[in-house]
Amino acid sequence: TKIEAGSGLADALLKKQSILTQLEESKSLLEANLTDITRDHTRNTSSLKQKVERKAKIEKMDATAPCEECERELHDHKPFLLEKYAKEIAELEILCEKTSGRKAELEEKVSEKKVSIRNTENEINELKLKISGLARDKEDHATLEKEMASTKEKIAKSETELGLVGPHDFDETEFVRL
C-alpha cells in the first residue's frame, strides 16, 4: 500500500523542480529590474543633490558673480537660472519618488520570491526523503517476498518429509482417551 501510494512521488518531484526553476528565473528578472531601478534612483538622487547645491550657491551670489554654466555675470540671468533649477529639482523629486516607490515594490517582490523558493526547496527535500523511504520500502518488500517464498519451500519440503515418515492422521478423540 505504501509503495502504491508513493508511485506519484517522482512526478511530483519533477513538477516541484520545474516550479523552482520558474521561481528562480522570475527572481532573476526581478533582481535585474531592481538593479536598474536602483541605478536610476541613485543617479536621480545624485542629480537632485547636485541641483539643490547649485541652486543654493546661486541664491547666495550677487548679480556681478559669474554664472557657473555660461561664465557671464549673473545680472538679470539669475532669476531665470534659479527658475530653471527649481523646475529641474521638482522634476527630479518626482522621479526620485517614483523610483523609490518602484524600488520598494521590487524589493518586496524579490523577498516574496526568495520565500517561495525556500519553501519549494523544502518541499523538494521532503519529496526526496519520501522517495528514498519508498526505495527502502521496495527493497524491504522484495526481501519479504523472497523470505515468504523460501518459507513456503521449507514448509512444502517438511510436509513431504513428514509424509515419508508415515501416516499423519491425528485422531483427537483417541488422543484425549489416552
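Residues numbered from 1 in each chain as written. Predicted model: local features only at pLDDT ≥ 70, side-chain atom pairs only at ≥ 80, totals over all residues. Heavy atoms only, no water.

As for the overall build of the protein
And then number 1: A count of helices and strands for the protein gives four helices and zero strands.
And then number 2: For the protein, the N- to C-terminal ordering of α and β elements is α-α-α-α.
And then number 3: Computed over the C-alpha atoms, the radius of gyration of the protein is 42 Å, more than 25% above the 16 Å expected from 2.2 N^0.38 for a compact globule of 178 residues.
And then number 4: The principal-axis extent of the C-alpha atoms belonging to the protein is close to 140 × 30 × 20 Å. (Helix = DSSP H or I, 4+ residues; strand = E, 2+ residues; numbered from the N terminus. Rg over C-alpha atoms; globule rule 2.2 N^0.38 Å.)

Focus on helix H2 (residues 9–60)
And then number 1: The end-to-end C-alpha distance of H2, which contains 52 residues, comes to 75 Å, matching closely the 76 Å that a straight helix rising 1.5 Å per residue would cover.
And then number 2: By the burial criterion, the buried members of H2 are Leu9, Leu13, Leu20, Leu23, Leu30, Leu34, Ile37, His41, Asn44, Leu48, Lys51 and Ile58. (Expected span 1.5 Å × (residues − 1). Buried < 20%, exposed > 50% of the residue type's maximum accessible area, 1.4 Å probe, protein only.)

A few points about the packing of aromatic side chains
Aromatic ring pairs are defined here through the distance separating the ring centres and the angle between the ring planes.
And then number 1: A complete count under the given rule lists zero aromatic pairs for this structure.
And then number 2: The cationic tip of Lys84 hangs over the ring face of Tyr85; the distance from NZ or CZ to the ring centre is 5.6 Å. (Phe/Tyr/Trp six-rings, centres within 6.5 Å; stacked < 30°, edge-to-face > 60°. Lys NZ or Arg CZ within 6 Å of the ring centre and 35° of its normal.)

Things to note about the environment of Ala12
And then number 1: Its location among the elements puts Ala12 in helix H2.
And then number 2: You can call Ala12 partly exposed: its relative accessible area is 28%.
And then number 3: Once the C-alpha coordinates of Ala12 and Ile124 are considered, the two residues, 112 residues apart in sequence, prove to be 8.8 Å apart.

Side note on the confidence of the model for the protein
And then number 1: Per-residue confidence for the protein gives a mean pLDDT of 88; residues scoring 70 or more make up 96%.
And then number 2: No element of the protein has a lower mean pLDDT than helix H1 (residues 2–5), at 74, and none a higher one than H2, at 92. (pLDDT = per-residue confidence, 0-100.)

Topic: the side chain of Thr120
And then number 1: Inspection of the secondary structure puts Thr120 in helix H3 (residues 77–165).
And then number 2: Among the polar contacts made by the side chain of Thr120, one reaches the main-chain carbonyl oxygen of Ser116 at a distance of 2.8 Å.
And then number 3: Thr120 has contacts with Lys16, Ile19, Leu20 and Leu23, leaving out every residue within four places of it along the chain. (Polar contact = N/O pair within 3.5 Å; in protein donor to acceptor, adjacent residues only side chain to side chain. Contact = heavy atoms within 4.5 Å.)

Overview of the pattern of salt bridges
And then number 1: Summed over the entire model, instances satisfying the criterion amount to 10 salt bridges.
And then number 2: Of the charged contacts in the structure, one is a salt bridge between Asp40 and Arg43, with a shortest N-O distance of 2.7 Å. Remark: Arg43 and Asp40 occur in helix H2; sequence separation between them is three residues, near one turn of the helix.
And then number 3: Accessibility expressed as a relative area gives 46% for Arg43, which makes it partly exposed.
And then number 4: In this structure, Glu88 and Lys84 form a salt bridge, with 4.0 Å as the shortest nitrogen-oxygen distance. (Salt bridge = Lys/Arg side-chain N within 4 Å of Asp/Glu carboxyl O.)

A closer look at the side chain of Asn44
And then number 1: Mapped onto the elements of the fold, Asn44 is located in helix H2.
And then number 2: A relative accessible area of 10% means that Asn44 is categorised as buried.
And then number 3: Excluding anything up to four places from it in sequence, Asn44 contacts Leu92, Leu95, Cys96 and Thr99.

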